Amino acid sequence: QKEVEQNSGPLSVPEGAIASLNCTYSDRVSQSFFWYRQYSGKSPELIMSIYSNGDKEDGRFTAQLNKASQYVSLLIRDSQPSDSATYLCAVNKDKIIFGKGTRLHILP
Amino acid sequence: KAGVTQTPRYLIKTRGQQVTLSCSPISGHRSVSWYQQTPGQGLQFLFEYFSETQRNKGNFPGRFSGRQFSNSRSEMNVSTLELGDSALYLCASSLGLNGFTDTQYFGPGTRLTVL
């Protein structure tokens, strides 16, 4: 089982809709979780971090964490074409492990 | 505050050569991590340095090595280059004081092409 798993996509979402990105992790003792966005040819940039079960909202972005089920998700409300990118889920125990990312494509 | 800088941005080498990449972290950050990113394998952790000591290491062969200087700047070296080493090498810096809440900030990367 891979340590951090994401659907590679592409995930196509109409502009203005909600994009839902999911990530599962294998190590139960993982303590912190991150979502990074990476545009083609650019380096990853942090969008959200979450450490406790539940939801965390920041503008159009909401991260959801369920440690019992070992998954973390990212919701993007009112999706914009500029949200088209690869989204990387990362999990930190003693070092940060990244998933391979989900390609998101927002359809104008 | 200046971000993470990496030099050079692009490199072309031939098989068998060695290469050294440099990373300057955000001022005040003491942890520097290195990653290799390829289309097939995604972002893979190479190693992390904190206060001039390697604190964590990924599953890469010994040809990949690194070091960190007293000013937190870090270098990564790859010896005896192979075609499969062609990748984007990313450096990320963090405060390094609270391991599990640390947020990493990435540099622009060095694109290495091995011919």
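Scroll up a little and you will see the structure.
A short tour of the structure in this document, coming up.

## A few points about the overall build of chain A
Per the secondary structure count, chain A includes zero helices and eleven strands. In chain A, the order of α-helices and β-strands from amino to carboxyl end is β-β-β-β-β-β-β-β-β-β-β. Viewed in the frame of its principal axes, chain A has a C-alpha envelope of about 40 × 30 × 20 Å. Split into buried and exposed, the 108 residues of chain A put 44% on the buried side. Taking contacts inside chain A between residues at least 6 apart in sequence as the whole, the part at least 24 apart equals 52%. For chain A, the exposed area adds up to about 5200 Å²; of that, 46% sits on carbon and sulfur atoms. Separation between the mean location of the 12 positive side-chain charges and that of the 11 negative ones in chain A comes to 6 Å.

## Brief notes about the sheet that holds strand E3 (residues 19–24) of chain B
Residue and element names in this part refer to chain B. Judged by pairing direction, the sheet is antiparallel, and its four strands sit side by side in the order E1-E3-E8-E7 without closing on themselves. Each having just a single partner strand, strand E1 (5–7) and strand E7 (64–68) make up the two edges of the open sheet. Between one strand axis and the next, the sheet turns by 20° as a mean value, whatever way the strands run. Alignment of E1 against E3, held across three bridges, turns out to be antiparallel. Bridge pairing links Thr5 to Ser24 in E3.

## Some details on the pairing of strand E11 (residues 102–107) of chain A
All names here are of chain A. Burial of E11 is one-sided: the residues Thr102, Leu104 and Ile106 facing one way are buried, the residues Arg103, His105 and Leu107 facing the other way are not. Here strand E2 (residues 11–14) runs beside E11; their pairing, made up of four bridges, is parallel. Residue Leu11 lies in a different strand from E11, and its bridge partner there is Leu104.

## Description of the pattern of salt bridges
Should their charged atoms come close, side chains of opposite charge can pair. Going through the model one piece at a time under the given rule, you end up with eight salt bridges over all chains. The closest approach of N and O atoms between Arg37(A) and Glu45(A), which form a salt bridge, is 3.2 Å. Judged by relative accessible area, Arg37(A) falls into the buried class, the value being 16%. With relative accessibility at 32%, the residue Glu45(A) sits in the partly exposed group. Where Arg67(B) meets Glu75(B), a salt bridge forms, and the shortest distance between an N and an O atom there is 3.2 Å. Residue classification places Arg67(B) among the partly exposed residues on the basis of a relative accessible area of 47%. Taken together, the shared-partner salt bridges in this structure form one network comprising Arg63(B), Glu82(B) and Asp85(B).

## Quick notes on the packing of aromatic side chains
Ring pairs (aromatic) are described by centroid distance and by the angle formed between their planes. In this structure the tally under the stated criterion is eleven aromatic pairs over all chains. Ring centres 5.8 Å apart and planes at 70° place the aromatic pair Phe98(A) and Phe106(B) in the edge-to-face group. Here Phe106(B) lies in strand E10 (residues 105–106) and Phe98(A) lies in strand E10 (residues 96–98), a pairing that spans two chains. When the centroid spacing of 5.2 Å and the interplanar angle of 65° are considered together, the rings of Phe60(B) and Phe64(B) count as edge-to-face. Of the two residues examined, Phe60(B) and Phe64(B), each falls in the buried class. Taken together, the ring pairs connect Phe34(A), Tyr36(A), Tyr51(A), Phe98(A), Tyr35(B), Phe45(B) and Phe106(B) into an aromatic cluster. Of note, Arg60(A) hangs over the ring of Phe61(A), and the distance from its end group to the ring centre comes to 5.5 Å. The ring of Phe50(B) has Arg55(B) sitting right over it, with the charged end atom 4.3 Å from the ring centre.

## A closer look at the interface of chain A and chain B
Counting residues at the interface gives 16 residues for chain A and 19 residues for chain B. Both sides of the chain A and chain B interface together cover about 1500 Å² of buried area, and 55% of this is carbon and sulfur. The tally of links between chain A and chain B comes to zero salt bridges. If you look at where chain A meets chain B, you find four residue pairs in polar contact (both at pLDDT 80 or more).

## Points about the sheet that holds strand E8 (residues 71–76) of chain A
All names here are of chain A. Spatial strand order, E1-E3-E8-E7-E6: five strands in an open sheet with antiparallel pairing. Here the strands that pair on one side only, and so sit at the sheet edges, are strand E1 (4–6) and strand E6 (54–58). Going from strand to strand, the sheet's axes swing by 20° on average, the running direction of each strand aside. The pairing of E6 with strand E7 (residues 61–66) spans five bridges and is classified as antiparallel. The residue of E7 that forms the bridge with Asp55 is Gln64.

Parameters at a glance
Residues numbered from 1 in each chain as written. Chains lettered and ligands numbered in written order. Predicted model: local features only at pLDDT ≥ 70, side-chain atom pairs only at ≥ 80, totals over all residues. Heavy atoms only, no water. Helix = DSSP H or I, 4+ residues; strand = E, 2+ residues; numbered from the N terminus. Buried < 20%, exposed > 50% of the residue type's maximum accessible area, 1.4 Å probe, protein only. Contact = heavy atoms within 4.5 Å. Areas by Shrake-Rupley, 256 points an atom, 1.4 Å probe, with all protein chains shown as cover. Lys, Arg positive; Asp, Glu negative; His and termini not counted. Charge placed at Lys NZ, Arg CZ, Asp CG, Glu CD. Pairing = 2+ DSSP bridges. Axes fitted to C-alpha atoms, helices over the stretch in contact; angles between N-to-C directions. Salt bridge = Lys/Arg side-chain N within 4 Å of Asp/Glu carboxyl O. Phe/Tyr/Trp six-rings, centres within 6.5 Å; stacked < 30°, edge-to-face > 60°. Lys NZ or Arg CZ within 6 Å of the ring centre and 35° of its normal. Buried area = accessible area lost by both parts, 1.4 Å probe. Polar contact = N/O pair within 3.5 Å; in protein donor to acceptor, adjacent residues only side chain to side chain.

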